[in-house]
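# Notes for the structure review
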Amino acid sequence: MIGLSHYLIVSAIIFSIGLVGVLRRRNLLMLFFATEVMLNAVNIAFAAISHYYNDLTGQMFAFFIIAIAASEVAVGLGILIVLYKKHGSLDLDDLASMRG
Amino acid sequence: METLVYIALFAPFVGSLFAALFGMSERRIFVGVIGSSLIGLSFIASAILAYNLYLTGTVIQVTMMDWIHAGDFNVEFGFVIDQISVTMMTVVTLVSTVVHIYAIGYMDHDKSFNRFFSYLSAFVFSMMILVMSDNFLGLFIGWEGVGVCSWLLVGFWYHKPDQDRKDNPSISPSWAANEAFIMNRIADLGMLIGIFILYWNTGSLKYDEVFAQLPYLSDSVLVGAAIALFIGAMGKSAQFPLHTWLTDAMEGPTPVSALIHAATMVTAGVFLVIRSNPLYSMDAVSGVSFFIASLGTFVAFYAASMALVERDLKRIIAYSTLSQLGYMFAAVGLGAYWIALFHLAAHAFFKALLFLGGGNVMHAMHDELDLFKMGALRKKMRGTWIYMTVASIALAGLPPLAGFWSKDAIIETAFNEHTYILWIVLVITAGMTAFYSFRQVFLSFHGEDRHTALGFDPHEMYKFVLVAMSPLAVLAVITGWFMGTYKAFIYNIGTTVQYDMSEHTHHLATYLGLLVIFVALSGIAYAYIKYGQTGDKAWKRSEKVENGFFYKLLINQYYIPKFYEEFITKPYMMISEVLWKKVDLKIVDATVDNIAKFLYVSGDKTRSMQTGNLSNYLNWMAVGAVLLLLIAAISAMIA
């Protein structure tokens, strides 16, 4: 039987994968994917916990997150295109213009 | 009438502000003229108020505005014109007017002429607040105001360098000014505590309300308040052991010495005790009152003894001021408040005259004050000589001049109270007073001419200055004749100021008066024999006398300034140095410095985080998030 803990473990594993992606990847596009992975890991946890407690609030939240993530991706990708046109690359090591 | 009160109070203030406008510019004669006229206006207003009070006997009380309203604590800017304050107002403004006019001549060559008038008028304004206020807080503001003005004026020639104590006992004007200010701070703390005690126990600062509550207070409160207030009076009126500043304050310009350090400010202490007479005449504080009388008598004698050998003209007059203040305190201590107030007024007139005459001599001798370098000045300075002689007779206490009536009344009071030791000391002091004041007159104006050989060519003061001094001379002569009138005038105020001699004393009054006159005359005669003659009998300096023990003791002021320097100033200096080097630098400053250094160093080290690389930032963010999670987890576990 697949219980709540299994879902949460999956969620935690996906979140960790996303986190490692955020920390290790150098390409901005890949960073975007990694954040999406983390968001969806959270969505899994929301949905699972919501089901466990028989409370729809968590699932509603998951929908909200999906909606916001979609709009965020739309804006973010737009910025990425502009950045790529300007610098010819999306590698973070080439984009370090704010060195203190 | 209310308008007159405000004119009397604010005319000097306007004068001060007006002179301040020209403070930085060169000498403008109209600054002095306008300043003097405004003080004169203030005098006229005060005189009308006094006359009106004399005719109608109605005390005027005005409240200008609310001052402090905090919870239950209410103080108003209120002024009271009663017999006591109106006496002070008239005396202060009259002497101030004369001194202002005098200063136009005296400060003639000084490049800070305008600044001088600004300070001098500011002083008069503060003094008016002091005497007119109807509550202790207003009095305290005036009290501090005159202190600041005194500091400014004593140190008026602040550019003069410090000298060794052997060459100049008061070191320098700025040193003397600081000494005066600091010594007064010590006393003011006492006074402030006294005011606190009264407020704490009566819930008011207004004289009327405080005095109405007095019978309901416990003895210890009354004694505490009386002692604390008297400590304040001791500082301002330079009573032992806070007396050394007064003679050193002579470093200031002579008009300042005449106005502040003889006629007005130094009498503020006496005024405070007279103002608080309901407190000091309580049975519970009779011990304190007797102490005041004893201290006053002691100071009268003590200061007179130092004046016997002093060579500096102004310092002699300063000692005589101290001595006369001692007489006033003797009177207030014995309960004869109105006699003290009368002596205060009479003393203000003849002492200011004496000082201004001394200023003429100083002006003529190009700031030389050593009596040993003068002699026979009367031929060249006839007007000044007459003034000085009149003032000295008044000071010595010969009838019919002012000093006789008031001082004799004080001495009689001591007899009347059966305090015979005080009486004897006061009589002896009267003889010493006569001696030193005439020693000073004879040394400067009579005897052999010693100044010509030293290259001095004295000249008389300007005419208008001599004319301006004449009101003081007239008052120094006639004030005493109005003692009876004044007595009737001030008796209206209440029973506590009333003081009458017993039948027994009254019977003996003539003999007592004759005794005082005899003692004073013998003092004068001795001074003449020793210092006044010319030719073979002329006075010469004697090594033997000047090396004698008593001479050395007196000329060094009983070594009290030396004592203060060795046992107070120097240890204080050492402690300050230790605190500065050990505590301040090593602990206080070091703490502040290290906080700054820590922030600086940590900022410098963490600066390398700002690589500009988004990936690094994200890593740091992750580290931060993990740290926050850890903290949350740990605190949750602890809770």
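Residues numbered from 1 in each chain as written. Chains lettered and ligands numbered in written order. Predicted model: local features only at pLDDT ≥ 70, side-chain atom pairs only at ≥ 80, totals over all residues. Heavy atoms only, no water.

## Observations regarding the overall build of chain B
Our working definition: By the criteria applied, helices consist of DSSP H or I runs no shorter than four residues and strands consist of E runs no shorter than two, each listed in order from the N terminus. Burial here depends on accessible area, computed with a 1.4 Å probe over protein chains only, as a share of the maximum for the residue type. Under 20% is buried, over 50% is exposed, and the range in between is partly exposed. Pairs of residues are marked as contacts when any of their non-hydrogen atoms sit within 4.5 Å. Accessibility throughout is a Shrake-Rupley quantity obtained with a 1.4 Å probe, and a residue counts as covered only by protein chains that appear here.
Counting its regular elements, chain B contains 25 helices and 2 strands. Considering only C-alpha atoms, chain B reaches an extent of 110 × 65 × 50 Å along its principal axes. Sorting the 639 residues of chain B into buried and exposed places 57% on the buried side. In chain B, once contacts between residues fewer than 6 apart in sequence are set aside, the share between residues at least 24 apart is 81%. Total accessible area on chain B is roughly 26900 Å²; 69% of this is exposed by carbon and sulfur atoms.

## Points about the nonpolar core
Just so we agree on the cut-off: The nonpolar core is taken to be a set of buried Ala, Val, Leu, Ile, Met, Phe, Trp, Tyr and Cys residues, with the residues joined through side-chain atoms within 4.5 Å.
Counting 213 residues, the largest nonpolar core has V95, F123, F136 and Y280 of chain B as the members making the most contacts within it. Here the element with the most residues in this core is helix 15 (residues 337-364) of chain B; it accounts for 20 residues. F136 of chain B has contacts with I195, L198, L205, Y207, V210, F211, L229, L272 and S276 of chain B, leaving out every residue within four places of it along the chain. Of all hydrophobic cores here, the second largest spans 11 residues; its members include F32, A34 and L95 of chain A together with L618 of chain B.

## Things to note about the packing of aromatic side chains
Residues and elements named next belong to chain B. As a reminder, the rule being used: Pairing of aromatic rings covers Phe, Tyr and the six-membered ring of Trp, with a centre-to-centre limit of 6.5 Å; geometry is then stacked below 30 degrees between planes, edge-to-face above 60, and tilted otherwise.
Summed over all chains, the structure comprises 43 aromatic pairs over all chains. Ring centres of F136 and Y207 lie 5.0 Å apart, and the angle between their planes is 85°; this geometry places the pair in the edge-to-face category. Highlighted residues: F136 in helix 5 (residues 136-154) and Y207 in helix 7 (residues 207-213), separated in sequence by 71 residues. Here F136 matches Y207 in class, with each residue buried.

## Some remarks on the interface of chain A and chain B
Interfaces are often described in size by the accessible area the parts lose on coming together. As a reminder of what qualifies: Using a 1.4 Å probe, buried area is obtained as the accessible area two parts lose upon being combined, added over both of them. Here, a salt bridge means any side-chain nitrogen of Lys or Arg that lies within 4 Å of a carboxyl oxygen of Asp or Glu. Between N or O atoms, a polar contact is any pair within 3.5 Å; within protein, one atom must be a potential hydrogen donor and the other a potential acceptor, and residues adjacent in sequence are included only when both atoms are from side chains.
Taken together, the 14 residues of chain A in the interface contact 10 residues of chain B. Each partner contributes to the roughly 910 Å² buried at the junction of chain A and chain B, and carbon and sulfur atoms together form 55% of this total. Remark: the boundary between chain A and chain B carries 0 salt bridges. Seen at the junction of chain A and chain B, the total is 1 residue pair in polar contact (both at pLDDT 80 or more).

## Remarks on the confidence of the model for chain A
Selection criterion: pLDDT is a residue-level measure of predictor confidence that goes from 0 to 100.
The predicted model of chain A has a mean per-residue pLDDT of 89, with 97% of residues at 70 or higher. Considering each helix and strand of chain A separately, the mean pLDDT is smallest for helix 3 (residues 57-87) of chain A, with a value of 91, and largest for helix 1 (residues 4-24) of chain A, with 93.

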